[in-house]
Amino acid sequence: MKLPPLFLACRTWGLGLAAALLCLSAHAANPADWWVDIANDRVSNVKTMLARGADPNELSPKGQPAIMQAIRDGAWGVYDVLAANRKTALNAINVNRETPLMYLAVLGDTKRAKDLIRRGAMVNRLGWTPLHYAASTGKLETAKMLIANNAIIDAPAPDGTTALMMAAHSGSEAMVRLLLDHGAEVTTQNLQKLDAADWAINNKHTALAAMLESLTDKTLKQRAAARQSEGQRAETGSNASGIKTIDLGDVDAGAAAAERNVPQKKAEKPASTSPYFDLDRFK
């Protein structure tokens, strides 16, 4: 019996599709040694697997893309191979919705972070950002690089926490000053009603907390005076301001701490309502 050409074509296409699906299923999982070779920084083995079709974006059993697992393992040779691989998703997220750039930022690997941005990694994103992560551990040079690449200074985390709050938590006065110099808002509170001073207080950075609280008070008073002055100018038609700009440099840490015994205003320790920001995972 002679089969119609259309039937033969459909049969051939079906066999081709089946073969393709079989091929895909055969490569759905990377070789068994993939994660072991990453953990041990076996560059040659990983290169060979990639050349044979291994997926550089496969997630580990704990939800880590390979490039992020390499960072966690300190497998920098493998990391460099994966970062240079055109198939690697440089903005991949792990089970905690973190990115490779965030991992590099929290560790302060400025050179690799800059290179990853050049390759297409996002500096700004919804939720926690690389700048939050750099600020949380006081990685000043990395933060400067991120800011130079247009990082949003006051980007809010899902619970409203800002990079300035994380800098205060870290106790890094240099990081706090850097962020303030680039326009960070000292009076901002997160959803827990905690501001940067509270984060410093609750991590026992007393002198830094005193400076931040003094700056917050002065800023609020300055703005109240500005509003009052504007009201008066509206009545008189005057345009003169006379309001002095205040920054952290105006605050003497020793004097501020001596003036005030910093209280534990908030009973609870500052903690994000977003569970994936956990600095203990990086220790």
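Numbering of residues begins from 1 in every chain and follows the order in which that chain's sequence is written. Only residues with pLDDT of 70 or above have their local features reported here, since the model is predicted, and side-chain atom pairs are shown and tallied only from 80 upward, although totals for entire chains, interfaces and linings are computed over all residues. Hydrogens are left out, water is left out, and the side-chain values use all remaining heavy atoms of the structure.

1. Things to note about the overall build of the protein
When helices and strands are tallied, the protein shows 14 helices and zero strands. Every helix listed is a DSSP run of H or I at least four residues long, and every strand listed is a run of E at least two residues long, numbered separately from the N terminus. Reading the helices (α) and strands (β) of the protein from amino to carboxyl end gives α-α-α-α-α-α-α-α-α-α-α-α-α-α. Buried means the residue's accessible area, taken with a 1.4 Å probe over protein chains only, is under 20% of the maximum for its type, while exposed means over 50%, and partly exposed covers the values in between. For the protein, the residues scored as buried account for 41% of the 283 residues in total. Contacts are assigned to residue pairs with any non-hydrogen atoms lying within 4.5 Å of each other. Sequence separation of at least 24 residues holds for 72% of the intrachain contacts in the protein that already meet a minimum separation of 6. A total accessible area of about 15,100 Å² is found for the protein, and carbon and sulfur atoms account for 55% of it. All accessibility values rest on the Shrake-Rupley procedure with a 1.4 Å probe; residue burial counts only the protein chains present in the view.

2. Considerations on the confidence of the model for the protein
The predictor attaches a confidence to each residue, and that confidence, scored 0 to 100, is pLDDT. With 73% of its residues at a pLDDT of at least 70, the protein reaches an overall mean of 82. Low pLDDT (under 50) marks residues 1-28, which in the prediction has three contacts with non-local residues, meaning those over four places away or in another chain. Every residue in residues 240-246 is under pLDDT 50, and counting partners more than four places away or in other chains gives 14 contacts.

3. Points about the packing of helix 4 (residues 66-73) against helix 6 (residues 100-107)
Helix axes are fitted only over the stretch in contact, all axes being lines through C-alpha atoms; the angle between N-to-C directions runs from 0 to 180 degrees. Across the interface, helix 4 lies against helix 6 with an axial gap of 9 Å and an inter-helix angle of 15°. Taken together, the axis directions place helix 4 and helix 6 in an arrangement best described as roughly parallel. At the point where helix 4 passes helix 6, the crossing takes the left-handed sense. Facing helix 4, whose interface residues are Ile67, Met68, Ile71 and Arg72, helix 6 presents Pro100, Tyr103, Leu104 and Leu107. A breakdown of the residues in the contact of helix 4 with helix 6 according to their chemical character gives seven nonpolar, no polar and one charged. Angular relationships are summarised with four words: roughly parallel below 35 degrees, roughly antiparallel beyond 145, roughly perpendicular across 65 to 115, and oblique for the angles in between. Two helices crossing with the near one rotated counterclockwise from the far one by less than a right angle form a left-handed crossing, whereas a clockwise rotation gives a right-handed crossing. Following the grouping adopted for this structure description, the nonpolar residues are Ala, Val, Leu, Ile, Met, Phe, Trp, Tyr, Cys and Pro, the charged ones are Asp, Glu, Lys and Arg, and the polar ones are all others, Gly among them.

4. Overview of the UniProt feature "repeat: ANK" (unreviewed entry) in the protein
As annotated in UniProt, the feature "repeat: ANK" (unreviewed entry) corresponds to residues 126-158 and 159-191 in the numbering used here. The span residues 126-158 is 48% helix and 0% strand, and its two end C-alpha atoms sit 8 Å from each other. Helix makes up 52% of residues 159-191 and strand 0%. Its end C-alpha atoms lie 5 Å apart. UniProt positions are given in the numbering used here, feature names are shortened, and annotations may be inferred rather than shown by experiment.

5. Re the nonpolar core
Each nonpolar core is a collection of buried residues, namely Ala, Val, Leu, Ile, Met, Phe, Trp, Tyr and Cys, held together in the definition by side-chain atoms within 4.5 Å. Counting 66 residues, the largest nonpolar core has Trp34, Leu131, Leu146, Leu179 and Leu212 as the members making the most contacts within it. Note that the domain bounds were set by an automatic or database domain assignment. Mapped onto the domain boundaries, this core takes at least three residues apiece from domain 1 (33-96) and domain 2 (99-230). Residues contacting Leu131, with those up to four places away along its chain left out, are Ala143, Leu146, Ile147, Ala151, Ile152, Ile153, Ala163 and Leu179.

6. A short note on the packing of helix 9 (residues 140-148) against helix 11 (residues 173-181)
Between helix 9 and helix 11, whose axes approach to 10 Å, the crossing angle comes to 15°. By the criterion of interaxial angle, the relationship of helix 9 to helix 11 is roughly parallel. Relative to helix 11, the crossing made by helix 9 is right-handed. Residues Leu140, Ala143, Lys144 and Ile147 of helix 9 lie in contact with helix 11, whose contacting residues are Ala174, Met175, Leu178 and Leu179. In the contact of helix 9 with helix 11, the residues fall into seven nonpolar, no polar and one charged.

7. Describing the pattern of salt bridges
Any carboxyl oxygen of Asp or Glu within 4 Å of a side-chain nitrogen of Lys or Arg constitutes a salt bridge here. Under the definition given, this model contains eight salt bridges. Note that Asp80 and Arg112 form a salt bridge whose closest N and O atoms lie 3.0 Å from each other. On the criterion of sequence distance, the pair formed by Asp80 in helix 5 (residues 76-84) and Arg112 in helix 7 (residues 110-119) is long-range, its members being 32 residues apart. You can call Asp80 partly exposed: its relative accessible area is 36%. Arg177 is paired through a salt bridge with Glu173; the nearest N and O atoms lie 2.8 Å apart. Here Arg177 pairs with Glu173, and both are found in helix 11, just four residues apart, close to one helical turn. Glu173 gets classed as partly exposed once you look at its relative accessible area, which sits at 32%. Ionic contacts of the salt-bridge type, sharing partners, join the residues Asp80, Asp109 and Arg112 into one network.

8. Some remarks on helix 11
Among all positions of helix 11, only Met175, Val176, Leu178, Leu179 and Leu180 are buried. Immediately downstream of helix 11, the backbone of Gly183 shows phi near 95°, a positive value.

9. A closer look at the packing of aromatic side chains
For Phe, Tyr and Trp, rings pair up if their centres lie within 6.5 Å, where Trp contributes its six-membered ring, and each pair is then called stacked (planes under 30 degrees apart), edge-to-face (over 60) or tilted (otherwise). Inspection of every chain in the model, using the stated rule, returns two aromatic pairs. Judged by centre distance (6.3 Å) and plane angle (75°), the ring pair of Trp34 and Trp35 falls under edge-to-face. As far as the burial class goes, Trp34 and Trp35 line up, both buried. For the ring pair Trp76 and Tyr79, a centre distance of 5.6 Å and an interplane angle of 70° mean the geometry is edge-to-face. Of this pair, Trp76 and Tyr79 both sit in helix 5, three residues apart, which is roughly one turn of the helix. Judged by relative accessible area, which is 23%, Trp76 ranks as partly exposed.

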